[in-house]
Amino acid sequence: MKGVIAKAITLFDQTGADMDKACLATFLAESLFAPTILLQDYITFEEISDFEVRATISYKGQTASGIFNFNEQYEMISFTTNDRAVAGTDGSMEYVPWSAICNDYQLSSNGIKYPTKFQAVWNYPDGDFVFFDGVISEISYGYKQ
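These notes cover the structure that comes with them. Predicted model, so just to flag it, every value in this text is computed and none were measured.

### Quick look at the nonpolar core
Judged by nonpolar contacts, the single largest core of 26 residues is most densely connected at Phe79 and Trp98. Looking at this core, the elements that each hand over two or more residues are α1 (17-30), β4 (52-59), β5 (62-70), β6 (76-81), β9 (98-107) and β10 (113-124). Trp98 has contacts with Ala29, Phe79, Thr80, Thr81, Arg84, Ala120, Val121, Trp122, Asn123 and Phe131, leaving out every residue within four places of it along the chain.

Right, here's the structure in full:
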C-alpha cells in the first residue's frame, strides 16, 4: 500500500506479508459490494449464528478472515477482523481489531440494495479511531439499463 500526497510526496509505502494479509481482509470486507467475489473457491464460510458468518480467504499462501454481521433484514452492518496490521510511526506493524461499518441502505435504480454510509474503524483498546467516514452515492456494476 502506498500513500502519496500531491502526486509527489510519498507518505508511506508498505509491502510484505502483513500488508498482503491486510489486503485480503479488506477485500473480504468490501466483497458484498461485488457479491460474485464470494463465489470464488478460495473463500470459505462458517455460520456462527443467524446473523453472523465467518469468512476466510486463502490466496497465494496467505490467509485472512473476519466476521460479517447482519441485521434482521440481512443487510451487512459490519465486518470485523483481527487480520489487519497498522503501521506505527517507527515502521513497526501491530495487529489491531478493524471494522468496516455499513448502514442507511437504499435501493439503486436497478433494484440492488446498497449501504449509503460506510466507515472504516481501527478498534484500539483505548477507543475507536474512524479513519474513513464516507457516503456512497452510487454503485455501478459496469452495465447500463
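### A few points about the sheet that holds β10
The strands that make up a sheet are held in pairs by hydrogen bonds between backbone atoms, and each pair lies either parallel or antiparallel. Strand order across the open sheet formed by seven strands is β3-β4-β5-β6-β9-β10-β11, with antiparallel pairing between neighbours. Both outer strands of the open sheet, β3 (43-49) and β11 (127-135), are each paired with one neighbouring strand and no more. For this sheet, the mean angle separating the axes of adjacent strands, direction not counted, is 20 degrees. The strands that α1 touches are β3, β4, β5, β6 and β9; relative to β5, the one it contacts most, it runs at about 30 degrees.

### So, unusual backbone geometry
Despite not being glycine, Lys60 shows a phi value in the positive range, around 50 degrees. Following the sequence through the fold, Lys60 ends up in the loop between β4 and β5. Among the residues examined, Lys60 registers a relative accessible area of 76% and is labelled exposed. Despite not being glycine, Tyr74 has its phi angle at roughly 60 degrees, a positive value.

### Comments concerning the pattern of salt bridges
Taken as a whole and judged by the stated rule, the model has four salt bridges. Between Arg54 and Glu46 there is a salt bridge whose closest N-O contact spans 3.7 Å. Among the salt bridges present, the one from Asp104 reaches Lys117, with a minimum N-O distance of 3.0 Å. A residue pair is termed long-range when its members are at least 10 positions apart, and Asp104 in strand β9 and Lys117 in strand β10 qualify at 13 residues. The class of Lys117 is partly exposed, set by a relative accessible area of 40%.

### Things to note about the packing of aromatic side chains
The full count for this structure, using the stated rule, is six aromatic pairs. Taken together through their ring pairs, the aromatic side chains of Phe68, Phe70 and Phe79 make up a single cluster.

### What about the side chain of Gln62?
Structurally, Gln62 can be placed in strand β5. Non-local contacts of Gln62, meaning those with residues more than four positions away in its chain, are made with Ala17, Asp20, Lys21, Leu24 and Ile57.

### A look at the environment of Tyr42
Mapped onto the elements, Tyr42 comes out in the loop between α1 and β3. On the basis of relative accessible area, Tyr42 is assigned to the partly exposed category, the value being 25%. For the pair Tyr42 and Ile57, spaced 15 residues apart in sequence, the C-alpha separation works out to 5.7 Å. Among all residues touching Tyr42, those that are not within four sequence positions of it are Phe27, Thr56, Ile57, Ser58 and Tyr59.

About the thresholds
- Residues numbered from 1 in each chain as written.
- Predicted model: local features only at pLDDT ≥ 70, side-chain atom pairs only at ≥ 80, totals over all residues.
- Heavy atoms only, no water.
- Core = buried A, V, L, I, M, F, W, Y, C linked by side-chain atoms within 4.5 Å.
- Buried < 20%, exposed > 50% of the residue type's maximum accessible area, 1.4 Å probe, protein only.
- Helix = DSSP H or I, 4+ residues; strand = E, 2+ residues; numbered from the N terminus.
- Contact = heavy atoms within 4.5 Å.
- Pairing = 2+ DSSP bridges.
- Axes fitted to C-alpha atoms, helices over the stretch in contact; angles between N-to-C directions.
- Salt bridge = Lys/Arg side-chain N within 4 Å of Asp/Glu carboxyl O.
- Phe/Tyr/Trp six-rings, centres within 6.5 Å; stacked < 30°, edge-to-face > 60°.

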